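Fold and contact review
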Amino acid sequence: MTAYSPLSLANCLTPNWPVSSRVRILFTTRIGGVSPPPYGQWRNGIESTGGLNLGLHTEDQTECVAANRQRLATLTDTRIAWLEQVHQTNVVRAETALEALHPPRADASVTAQTGIACTIMSADCLPVLICDGAGRAVGAAHAGWRGLVAGVLEHTAAEVTALTSSSQELYAFLGPAIGPHAFEVGDDVRAAFLAAATAAESATTAAAFRPHLNTPGKYWANLFSLARLRLIRAGIRRISGGAWCTVSDPMHFYSYRRQTLTGRQAAMIWLEH
């Protein structure tokens, strides 16, 4: 049986974030697990075993995904609230997700309890982590374009605020997602965002769609810019992240747009014990 090194923080992204020291965030990469190709990790341009695929519905071996999830729980010393993400706007309490027989169908979770990780899986969609400055409550949202235009970030921000019982300012961190030079969309996506934009957001929303020079009716969409607009609408102005493109970095990230049969990475936020 192949021996694998333990998952370590060096295999993950743990960016500095100017919020309460009670708040912890972590983004996994495809490195540090036990999954075989095409879910493996890349070494010197060659894909090998040892991928940290966390998605059960990816055709990976169930025991590999289970082992990867256990590695992540051990590393973070948390109880991980997994969701069945459906590209909508439902927000659940993370502790409720832990108690459920099956992961709830939702695209965001929130909690004010310590040691419970609000967790989002992605392979191009945008994970957004939210907390209040004092570290009283946290939340994680899955923002594919459908959920984003429907208001998943606003719903998540409202639920985090409801848990703080205060007027604490909220902060948001944008995790790895498909970048503005890789996210090709059609007129329907652009029209949906423009229809949902307020008058004050209209110009910035339109600017987030760069026309495809070779294909009429196609655009390169900036998911990070669109998410920032919706966070600002929710009253969040302290926004960090938005620097990692999943499509252009096969060494570190899974990407459905790049390779249909692929794994899932996770974005996590929790309050320390």
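Further up the page is the structure itself.
This report concerns the structure included in the present document. From a predicted model like this one, the values you see are computed outputs, not experimental measurements.

Attention now moves to the overall build of the chain. Broken down by element type, the chain carries seven helices and 16 strands. Compactness check: the chain gives a C-alpha radius of gyration of 18 Å against a globular reference of 19 Å for 273 residues, within 12% of the reference. Each principal axis of the C-alpha atoms in the chain carries an extent, and together these give about 60 × 50 × 35 Å. When burial is assessed residue by residue, the chain has 54% of its 273 residues classed as buried. Put simply, 64% of the contacts in the chain that link residues at least 6 apart link residues at least 24 apart.

Let us look at empty space enclosed by the protein. What the rule picks out here adds up to one cavity of 30 Å³ or more. In terms of lining, the largest cavity is formed by Phe 193, Ala 196, Ala 197, Glu 201, Thr 205, Leu 226, Leu 229, Arg 230 and Arg 233. Among the elements of the structure, α5 (187–196) and α7 (223–233) are those that each provide at least two residues to the lining of the largest cavity. Take the lining of the largest cavity: its biggest share by element is four residues, from α7. Of the residues assigned to the lining of the largest cavity, the class counts are five nonpolar, one polar and three charged.

This part takes up unusual backbone geometry. A cis amide bond, omega 10°, links Pro 37 with the succeeding residue Pro 38. Of note, Pro 38 is situated in the loop between β2 (31–35) and β3 (41–43). In the Ramachandran plot, Asp 77 falls in the positive-phi region, its phi being about 55° despite a non-glycine side chain. Inspection of the secondary structure puts Asp 77 in the loop between α1 (62–76) and β5 (79–81). Owing to a relative accessible area of 55%, Asp 77 belongs among the exposed residues under this scheme.

This brings us to the sheet that holds strand β1 (residues 23–27). Spatial ordering of the open sheet is given by β1-β16-β8-β5, a layout of four strands whose pairing is mixed. What marks the edges here is a single partner per strand, and that holds for β1 and β5. Each neighbouring strand pair of the sheet contributes to a mean axis angle of 25°, computed without reference to strand direction. Contacts between α1 and the sheet are confined to β1, β5, β8 (116–122) and β16 (265–271), with β16 contributing the most and set at about 30° to the helix.

The next subject is helix α4 (residues 152–164). With 13 residues, α4 extends 19 Å from end C-alpha to end C-alpha; this agrees with the ideal 18 Å at 1.5 Å per step. Taken together, the buried positions of α4 are Val 152, Leu 153, Glu 154, Thr 156, Ala 157, Val 160 and Thr 164. At the exit of α4 stands Ser 165, carrying a positive phi of roughly 55°.

Turning to the nonpolar core, a few remarks are in order. Counting 38 residues, the largest nonpolar core has Leu 126, Val 128, Ile 130, Leu 153 and Phe 209 as its most contacted members. Broken down by element, this core gets its largest block of residues, five residues, from α7. Those residues in contact with Phe 209 that sit more than four places away from it in its chain are Val 185, Val 189, Arg 190, Phe 193, Tyr 219, Trp 220, Ala 221 and Leu 226. Listed in part, the 25 residues of the second largest apolar core include Ala 94, Cys 118, Leu 129 and Ile 269.

Procedures and definitions
Residues numbered from 1 in each chain as written. Predicted model: local features only at pLDDT ≥ 70, side-chain atom pairs only at ≥ 80, totals over all residues. Heavy atoms only, no water. Helix = DSSP H or I, 4+ residues; strand = E, 2+ residues; numbered from the N terminus. Rg over C-alpha atoms; globule rule 2.2 N^0.38 Å. Buried < 20%, exposed > 50% of the residue type's maximum accessible area, 1.4 Å probe, protein only. Contact = heavy atoms within 4.5 Å. 1 Å grid on protein atoms, 1.4 Å probe; cavity = no way out; pocket = protein on both sides within 12 Å on 5 of 7 lines; lining within 4 Å. Points joined across faces, edges and corners; volume = space filled by probe spheres on them. Nonpolar A, V, L, I, M, F, W, Y, C, P; charged D, E, K, R; others polar. Pairing = 2+ DSSP bridges. Axes fitted to C-alpha atoms, helices over the stretch in contact; angles between N-to-C directions. Expected span 1.5 Å × (residues − 1). Core = buried A, V, L, I, M, F, W, Y, C linked by side-chain atoms within 4.5 Å.

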